[in-house]
Amino acid sequence: MQKELKYLIINYSEKDLPYIDGLVAFLEIRTAEIVKWFGIDDFGSKPVVTIFAGTKEFYQAILAYKPEEKINEWIAGYAFKKDDINTVYTLSIEGLLETAHKNANIEELKKLIVHEFSHSCQQKIRNSQTAIWLLEGMACFLAGQHKKDEGPITTSLDKMLQSHDVKGYGDYKKMFVYVYETYGKEYCLELLKNKEKAYHDTPYLYEEAVNYYKETLKR
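Residues numbered from 1 in each chain as written. Predicted model: local features only at pLDDT ≥ 70, side-chain atom pairs only at ≥ 80, totals over all residues. Heavy atoms only, no water.

Among the seven residues in strand S5 (residues 85-91), six count as buried, and that is most of the element. By the bridge criterion, five bridges tie strand S3 (residues 48-52) to S5 in an arrangement that is parallel. Bridge pairing in S5 places Ile51 opposite Thr90. Bridging between strand S4 (residues 77-82) and S5 involves six bridges; their strand directions are antiparallel. Looking at the pairing, Lys82 lines up with Ile85 of S5. Connecting S4 to the next strand, S5, in antiparallel fashion are two residues, including Asp83 with a positive phi near 55 degrees. (Buried < 20%, exposed > 50% of the residue type's maximum accessible area, 1.4 Å probe, protein only. Helix = DSSP H or I, 4+ residues; strand = E, 2+ residues; numbered from the N terminus. Pairing = 2+ DSSP bridges.)

For helix H4 (residues 106-125), spanning 20 residues, the distance from its first C-alpha to its last is 29 Å, which sits close to the expected 28 Å at 1.5 Å a residue. Among the 20 residues in H4, 14 count as buried, and that is most of the element. Put simply, Asn105 is the residue that caps the front of H4, since its side-chain oxygen is 3.0 Å from the backbone nitrogen of Glu107. (Expected span 1.5 Å × (residues − 1). Polar contact = N/O pair within 3.5 Å; in protein donor to acceptor, adjacent residues only side chain to side chain.)

Helix H5 (residues 132-143) packs onto helix H1 (residues 20-38) with a crossing angle of 135 degrees between their chain directions and a minimal axis gap of 11 Å. Put simply, H1 runs oblique to H5. Handedness of the crossing formed by H1 with H5: right-handed. Here Arg30, Ile34, Trp37 and Phe38 of H1 lie close against H5, whose contacting residues are Met138, Phe141 and Leu142. (Axes fitted to C-alpha atoms, helices over the stretch in contact; angles between N-to-C directions. Parallel < 35°, antiparallel > 145°, perpendicular 65-115°, else oblique. Left-handed = near helix turned anticlockwise from the far one by under 90°. Contact = heavy atoms within 4.5 Å.)

Below, the discussion takes up the packing of aromatic side chains. Counted under the stated rule, the structure contains 19 aromatic pairs. Residues Trp37 and Tyr180 carry aromatic rings whose centres are separated by 6.0 Å and whose planes lie at 35 degrees to one another, so their mutual orientation is tilted. Note that Trp37 is positioned in helix H1 and Tyr180 in helix H7 (residues 169-183), a separation of 143 residues in sequence. Residue classification places Trp37 among the buried positions, given a relative accessible area of 12%. Here the aromatic rings of Tyr212 and Tyr213 are separated by 5.1 Å at their centres, their planes lie at 80 degrees, and the arrangement is edge-to-face. Taking the relative accessible area as the measure of exposure, Tyr212 reaches 34% and is therefore partly exposed. The ring of Phe26 is capped by Lys110, whose NZ or CZ atom sits 4.9 Å from the centre of that ring. (Phe/Tyr/Trp six-rings, centres within 6.5 Å; stacked < 30°, edge-to-face > 60°. Lys NZ or Arg CZ within 6 Å of the ring centre and 35° of its normal.)

The following block contains the structure:
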């Protein structure tokens, strides 16, 4: 089954029927807000989102695209671009419950799809991989994830740059929020478009962010 929205296409199964209409209504509004946030004038082809009912089919689809991909118990969404088509794979609520996401609900699924859609938008305005904290922190920020993570940044600089560490997503978001609030959205988008600048600026941004959260915790 399929529904086409202004900015994406969703493939889903019968297991999604109890919540698909509410999910679509939410995504119609939120995806438009995100496209505007990125300032994308010519959006081009719509990302195709497929919601998999279970982990078996979800993992098989990921490995069919990238056989060397490491599958862990936390993976719930996957975004990539191939042949100029943005593709997003996610698990359904039932599928999420088969993973480490044991308290999954419709709100988590909404955030998951928005997170992966944000990656599709990133892919539309950059040509190559860039600093992980920027990609994942931005997506977590736009999806409203990791709101309760208020501790210090403990993820290393190296992992901030190039490692999809499950335990690091809260830190990726904290660093992005610090940079966003300190230097502004346009600076963040400039880093997204300019890989060399992102890697050049990250070390001192990281030091600033680490010190900021340390001082915040002392108050």
